[in-house]
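Understanding the architecture of this molecule
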Amino acid sequence: MSALSNSEIAILRSVMVAVAPAEAVSPSSRDETGDVDWNLSGFAGTARVGTVFGDLPIQALRLRDEIRTAAGTIARVQWIDKVHLDEDFLRKHPSACPVGIRPNTFGNGRPMQELLISPRQEVCMDAHVASRFLPAVDLCTQSRAHRVYTSGLTYYRFHCGETVSVRVEGVWVRIKPTS
């Protein structure tokens, strides 16, 4: 894979600063193939989030919506963002391609439908206790998930002002203010 041009680096920096100032990607954060190491969490497709109103598509979340947490409390959505990645970006930076988790991979209804998530989104395979989280990309090495190569996608991201564990498609995921 060829190295990024200065203009591509500048564009990538501006996008990353706009979506996550504390986690901006610099040219030095490349893996051994020259690819930028994708470090943002998020959800693609029509993933449904467990709210007090039931499971809502992530695209429908709004500020101050109430999300049910693993601790049995309610957390309010304080920040929402979406990051669109086009075909050219994904071709040049395959580490940003989502991880797909097939229905029922972790047990009946977990996930309820194919879940497409960022490789850095932390997930828990346990059904009842949200305790052991790992980046979604690590599931690929366990044959529990697969990389999805696509011509473009939008990652939807949100947080509740503090680190919380919430259900997305029946699977516990960790949501952090800086994720």
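Above this text is the structure in question.
Described below are features of the structure shown in this document. (Residues numbered from 1 in each chain as written. Predicted model: local features only at pLDDT ≥ 70, side-chain atom pairs only at ≥ 80, totals over all residues. Heavy atoms only, no water.)

1. So, the overall build of the protein
- Helix and strand content of the protein: 3 helices and 14 strands.
- By the burial criterion, 44% of the 179 residues in the protein qualify as buried.
- Expressed as a percentage of contacts within the protein between residues at least 6 apart in sequence, the contacts between residues at least 24 apart total 57%.
- When the accessible surface of the protein is summed, it comes to about 8900 Å², and 50% of that surface belongs to carbon and sulfur atoms. (Helix = DSSP H or I, 4+ residues; strand = E, 2+ residues; numbered from the N terminus. Buried < 20%, exposed > 50% of the residue type's maximum accessible area, 1.4 Å probe, protein only. Contact = heavy atoms within 4.5 Å. Areas by Shrake-Rupley, 256 points an atom, 1.4 Å probe, with all protein chains shown as cover.)

2. Quick look at the side chain of threonine 69
- Note that threonine 69 resides in the loop between β4 (66-68) and β5 (74-76).
- On the accessibility criterion, threonine 69 (10% relative accessible area) is buried.
- The residues touching threonine 69, leaving out its near neighbours within four places in the chain, are Ala75, Val164, Ser165, Val166 and Trp172.

3. With respect to the pattern of salt bridges
- Enumeration according to the criterion identifies 7 salt bridges in this entry.
- The partner of arginine 91 in a salt bridge is aspartate 88, and the shortest N-O contact between them spans 2.4 Å. Here arginine 91 and its partner aspartate 88 are both found in helix α2 (residues 87-92), 3 residues apart, which amounts to about one turn of the helix.
- Relative accessible area serves as the criterion here: at 54%, arginine 91 is assigned to the exposed category.
- As a salt-bridge pair, glutamate 122 and arginine 174 come within 2.8 Å of each other at their nearest N and O atoms. Taken as a pair, glutamate 122 in strand β9 (residues 122-124) and arginine 174 in strand β14 (residues 171-175) lie far apart in primary sequence, 52 residues in all. (Salt bridge = Lys/Arg side-chain N within 4 Å of Asp/Glu carboxyl O.)

4. Overview of the nonpolar core
- Core analysis: the largest hydrophobic core is formed by 27 residues, its most contacted members being Phe43, Ile101, Ile117, Phe158, Val166 and Val168.
- Counting only elements with at least two residues in this core, the list comes to β7 (99-101), β8 (115-117), α3 (136-140), β12 (152-159), β13 (164-168) and β14.
- Not counting chain neighbours up to four residues away, the residues in contact with isoleucine 117 comprise Gly42, Phe43, Pro98, Val99, Ile101, Val123, Ala136 and Tyr155.
- In terms of nonpolar packing, the next biggest core, distinct from the first, is built from 11 residues, Trp38, Leu40, Leu90 and Tyr155 among them. (Core = buried A, V, L, I, M, F, W, Y, C linked by side-chain atoms within 4.5 Å.)

5. Thoughts on the pairing of β12
- Within β12, 7 of the 8 residues are buried, which leaves the element mostly enclosed by the surrounding structure.
- Judged from the 8 bridges that link them, strand β6 (residues 79-86) and β12 form a sheet pairing that is antiparallel. Paired with histidine 84 across the two strands is threonine 154, which belongs to β12. (Pairing = 2+ DSSP bridges.)

6. Comments concerning the side chain of aspartate 126
- Summarising the element assignment, aspartate 126 is placed in the loop between β9 and β10 (133-135).
- Of the polar contacts made by the side chain of aspartate 126, one reaches the side chain of serine 131; its length is 3.3 Å.
- Of the polar contacts made by the side chain of aspartate 126, one reaches the side chain of arginine 132; its length is 2.8 Å.
- In contact with aspartate 126, other than residues within four places in its own chain, are Arg110, Ser131, Arg132 and Trp172. (Polar contact = N/O pair within 3.5 Å; in protein donor to acceptor, adjacent residues only side chain to side chain.)

7. Quick word on the environment of glutamine 121
- Topologically, glutamine 121 is positioned in the loop between β8 and β9.
- Residues glutamine 121 and valine 99, spaced 22 residues apart in sequence, show a C-alpha to C-alpha distance of 9.2 Å.
- Setting aside chain neighbours within four positions, we find glutamine 121 in contact with Ser41, Gly42, Phe43, Leu134, Pro135, Ala136, Val173, Arg174 and Ile175.

8. Some remarks on the packing of aromatic side chains
- Evaluated as defined, the whole model comprises 3 aromatic pairs.
- Between tryptophan 38 and phenylalanine 89, the aromatic rings sit 6.0 Å apart at their centres with planes inclined by 70°, giving edge-to-face as the arrangement. Linking tryptophan 38 in the loop between α1 (6-19) and β1 (43-44) with phenylalanine 89 in helix α2, this pair joins segments that are 51 residues apart in sequence. Neither residue differs from the other here; tryptophan 38 and phenylalanine 89 are each classed as buried.
- One aromatic cluster is present, formed by Trp38, Phe89 and Tyr155 through successive ring pairs. (Phe/Tyr/Trp six-rings, centres within 6.5 Å; stacked < 30°, edge-to-face > 60°.)

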